[in-house]
Amino acid sequence: MAEEDYGRYVDWTQMGEGAAAASASPVKGEVKEMKMQARSGVWAKSHKQRALVYQQLVRAIPCRTVTPDAEVYRDLMGDGKGKQQASLLPLPDFVDGSSVPRYCLRAEGVGAVHAVISCVASQFPDISHCPALPAVVALLLHFSPDEARCFEAVSRMLSCNEPGRRLMDQTFLAYESSCMTFGDLAHKYCPAAHKLVLAMATDVLEVYSDWQRWVLGDLPFAHAARVLDVYLVEGYKVLYRVALALLKFYRKQKTASAGPGKQPPPQQESSVIRAEIQAFVKGIGSSITPDKLMEKAFSIRLFSRKEITLLQLTNEKSLQQKGITLAVDADNFSSEIVSAKEMRDIWSWIPERFALCQPELLFTTSTHGCSLNRFYSHCEGHEPTLLLLRTTDGEVCGAFLSTDWEERKRGGNKLSFFGTGECFVFRMKPEMERYEWVVIKHPELAGNMQSLDLLDEDSPSTDGNTLPVDSGPKPSERLSPFLSARHFHLNSRNTSMFMAGNFDSIIIGGGEGNALYIDAELNHGRSARCTTFDNPPLCGESFQVALLEVWGFQDAMAG
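Reading the values: the criteria
Residues numbered from 1 in each chain as written. Predicted model: local features only at pLDDT ≥ 70, side-chain atom pairs only at ≥ 80, totals over all residues. Heavy atoms only, no water. UniProt positions renumbered as here; feature names shortened; annotations may be inferred. Helix = DSSP H or I, 4+ residues; strand = E, 2+ residues; numbered from the N terminus. Buried < 20%, exposed > 50% of the residue type's maximum accessible area, 1.4 Å probe, protein only. Contact = heavy atoms within 4.5 Å. Areas by Shrake-Rupley, 256 points an atom, 1.4 Å probe, with all protein chains shown as cover. Salt bridge = Lys/Arg side-chain N within 4 Å of Asp/Glu carboxyl O. Pairing = 2+ DSSP bridges. pLDDT = per-residue confidence, 0-100. Core = buried A, V, L, I, M, F, W, Y, C linked by side-chain atoms within 4.5 Å. Axes fitted to C-alpha atoms, helices over the stretch in contact; angles between N-to-C directions. Parallel < 35°, antiparallel > 145°, perpendicular 65-115°, else oblique. Left-handed = near helix turned anticlockwise from the far one by under 90°. Arc of directions from axis to C-beta. Polar contact = N/O pair within 3.5 Å; in protein donor to acceptor, adjacent residues only side chain to side chain.

- An unreviewed UniProt entry annotates the protein as TBC1 domain family member 24 originating from Alosa alosa.
- Listed in UniProt under the heading Function (unreviewed entry), the comment for the protein reads: "May act as a GTPase-activating protein for Rab family protein(s). Involved in neuronal projections development, probably through a negative modulation of ARF6 function. Involved in the regulation of synaptic vesicle trafficking."
- Comment text from UniProt for the protein, heading Subunit (unreviewed entry), reads "Interacts with ARF6."

If you want it as structure tokens, here you go:
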């Protein structure tokens, strides 16, 4: 019988000297001994040795009775045309934008990863969110004799049914709670690094949402393979350990570059800090060896699987109470502007009381035509709504609008603003960013809310732009964005111009410009900075509308 080739997809020039030639033999030993070997890195000396160990470890994973194996892959993909077509397919939405890390694969290997993931998607329809999958498949392919055996290994990892053990998140709820759990662990075990991130980033949870990608995706191959050694033996908790070690090393590098006694840099957008940490992790090989990384990861004391499980369950329960478990139903969602995954990202921004709702298409220019009157007739009676817009240049932006468009009629033919501080604007392409009411980030712009008697219906009526002059008490810390602007003492009405419309245009965001202005034909528009949302232009400052959609919120609990 011919000896199996475990380096079929590997570019050996990238692997380091001696990796291919070193001898190998089956590994024997108890779990404790395997754990010591994995942590010490003895398998790294021989590529074939590692491949044999991985086969042994994967076969030992307890799985569901019906788990797809290598023969299933061969039946589905065949040997030629099927594989070639699958390798050209885009990755499924459930990888959440993760790309395939090249590591030490040849170009043929990257195509093979696409083919394996395509087959996984067909055999595991219940997976809704698994951003780690491309990196795991790419790593395993380095040590697999063919695609089919790689597919079988990944299938066993996904089908693991050992109580209390999991290897990959497969739902949005599990992944989101893991990000919260990582934040809890960073706060407890890396307090200095955690404080640094808190000081630098506007949204620490957004930074920590990348924690798995640091380990499975951004790390260089030699480091990632060492992680995989231990991961296959000890499970998911290893990913937390390594990510915490990376955070510690990042903080050390950051403070060293700043110099002794220096204050942390001013707070920046979270996307800037995310990119900075990603660049640090990708370049870690120049300063920190795999041995040093693993040593740091396992130097963290009093860190148990039980603690992680309790944190994870607590965070999952918290998210369930907020309604985050109900992601947008991909099977029943169809938009010509955004994917189900992108709509789910938008859904994560909306107020919690609407999180259990499903999107319901109310209006689209592709069906209802480019008419402002038809826009109003289809949208009136619905509150809130979500507006999505794609320009002829391919830019995508939109707005969450808290108030029924029928409210515009209160001003007669006069263009007057209405809405509440829950409104926000956003852009999806070329990059994803949300811009909330400026008062939420800068509460010093608002004074205390008026006393309840001023909110009584018998009080003198005011429109959305008429602001009280009463000096009032000191600013309140309990701002309620779902109250309309008239309930706050604002130093300028320009910070409360949420939405407006009449017979010849609709406007979203005002004050020194409009976040979005769209004409009566729903054909041309403008975008600029406005003081209400303190946003940059959401797309080209002057644009042509390719498509416009408005979505309502259907109560998933009704009926």
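### Regarding the overall build of the protein
Part 1: Helix and strand content of the protein: 20 helices and ten strands.
Part 2: Here the protein holds 559 residues, and 53% of them are scored as buried.
Part 3: Residue pairs in contact within the protein that sit at least 24 positions apart in sequence constitute 74% of those at least 6 positions apart.
Part 4: When the accessible surface of the protein is totalled, it reaches about 26,000 Å², and 50% of it is carbon and sulfur.

### Brief notes about the pattern of salt bridges
Part 1: A full pass over the atoms with the stated rule returns 20 salt bridges.
Part 2: The partner of Lys188 in a salt bridge is Glu307, and the shortest N-O contact between them spans 3.1 Å. Of this pair, Lys188 sits in helix 8 (residues 172-189) while Glu307 sits in helix 16 (residues 305-321), and the two are 119 residues apart along the sequence.
Part 3: Residue classification places Lys188 among the exposed positions, given a relative accessible area of 52%.

### Observations concerning unusual backbone geometry
Part 1: For the peptide bond that leads from Glu383 to Pro384, omega is 0 degrees, which places it in the cis range.
Part 2: Mapping Pro384 onto the fold places it in the loop between helix 19 (372-379) and strand 2 (385-391).
Part 3: For Asp96, which is not glycine, the phi dihedral falls at a positive 60 degrees.
Part 4: With respect to the helices and strands, Asp96 occurs in the loop between helix 4 (81-87) and helix 5 (107-123).
Part 5: Assessed through its relative accessible area of 14%, Asp96 is described here as buried.

### Quick word on the pairing of strand 8 (residues 516-519)
Part 1: Side chains Leu516 and Ile518 project from strand 8 onto one buried face, and the interleaved Tyr517 and Asp519 project onto a second face that is buried too.
Part 2: Bridging between strand 7 (residues 505-508) and strand 8 involves four bridges; their strand directions are antiparallel. Bridge pairing in strand 8 places Ile508 opposite Leu516.
Part 3: Relative to strand 9 (residues 524-526), strand 8 is paired through two bridges, and the arrangement is antiparallel. Pairing of Tyr517 across the sheet is with Arg526, part of strand 9.
Part 4: Between the end of strand 8 and the start of strand 9, which pair antiparallel, lie four residues, with Leu522 showing a positive phi angle near 50 degrees.

### A look at the confidence of the model for the protein
Part 1: Mean pLDDT over the protein: 82, with 81% of residues reaching 70 or higher.
Part 2: Predicted confidence for residues 447-492 stays below pLDDT 50, and this span has 73 contacts to residues more than four positions away or in other chains.

### A few points about the pairing of strand 10 (residues 542-555)
Part 1: Bridge count for strand 1 (residues 357-364) against strand 10 is seven bridges, and the pairing is antiparallel. Of the residues in strand 10, the one forming a bridge with Thr364 is Glu549.
Part 2: Judged from the six bridges that link them, strand 2 and strand 10 form a sheet pairing that is antiparallel. For Leu386, the partnering residue across the bridge sits in strand 10 and is Trp551.
Part 3: Strand direction decides the pairing type here: strand 9 and strand 10, joined by three bridges, are antiparallel.

### Let's talk about the nonpolar core
Part 1: Ranked by internal contacts, the top residues of the largest apolar core, which has 108 residues, are Trp214, Leu219 and Val242.
Part 2: If you tally residues by element for this core, the top one is helix 13 (residues 237-258), at eleven residues.
Part 3: With residues near it in sequence (within four places) discarded, Val242 still touches Val215, Leu219, Val227, Leu293, Met294 and Ala297.
Part 4: Within the second largest apolar cluster, 35 residues are counted, among which are Leu389, Tyr435, Phe498 and Met499.

### Observations concerning the environment of Val100
Part 1: Tracing the chain through its elements places Val100 in the loop between helix 4 and helix 5.
Part 2: A C-alpha to C-alpha distance of 7.0 Å links Val100 and Val110, two positions ten residues apart in sequence.
Part 3: In this view, Val100 contacts Leu91, Val110, Val113, His114, Pro134 and Ala138; residues no more than four positions away in its chain are not counted.

### Focus on the packing of helix 12 (residues 221-234) against helix 15 (residues 290-297)
Part 1: Relative orientation of the contacting elements helix 12 and helix 15 amounts to 45 degrees, with a least axis distance of 9 Å. Taken together, the axis directions place helix 12 and helix 15 in an arrangement best described as oblique. When you trace helix 12 past helix 15, the crossing you get is right-handed. Mapping the contact onto sequence places Ala222, His223, Arg226, Val227 and Val230 in helix 12 and Pro290, Asp291, Leu293 and Met294 in helix 15.

### Topic: helix 3 (residues 70-77)
Part 1: Residues of helix 3 that are buried include every one of Ala70, Tyr73 and Met77, and no others. Buried residues along helix 3 cover an arc of 60 degrees about the axis, so they all sit on one side.
Part 2: For helix 3, the capping residue at the N-terminal end is Asp69, with a side-chain oxygen 3.2 Å from the backbone nitrogen of Glu71.

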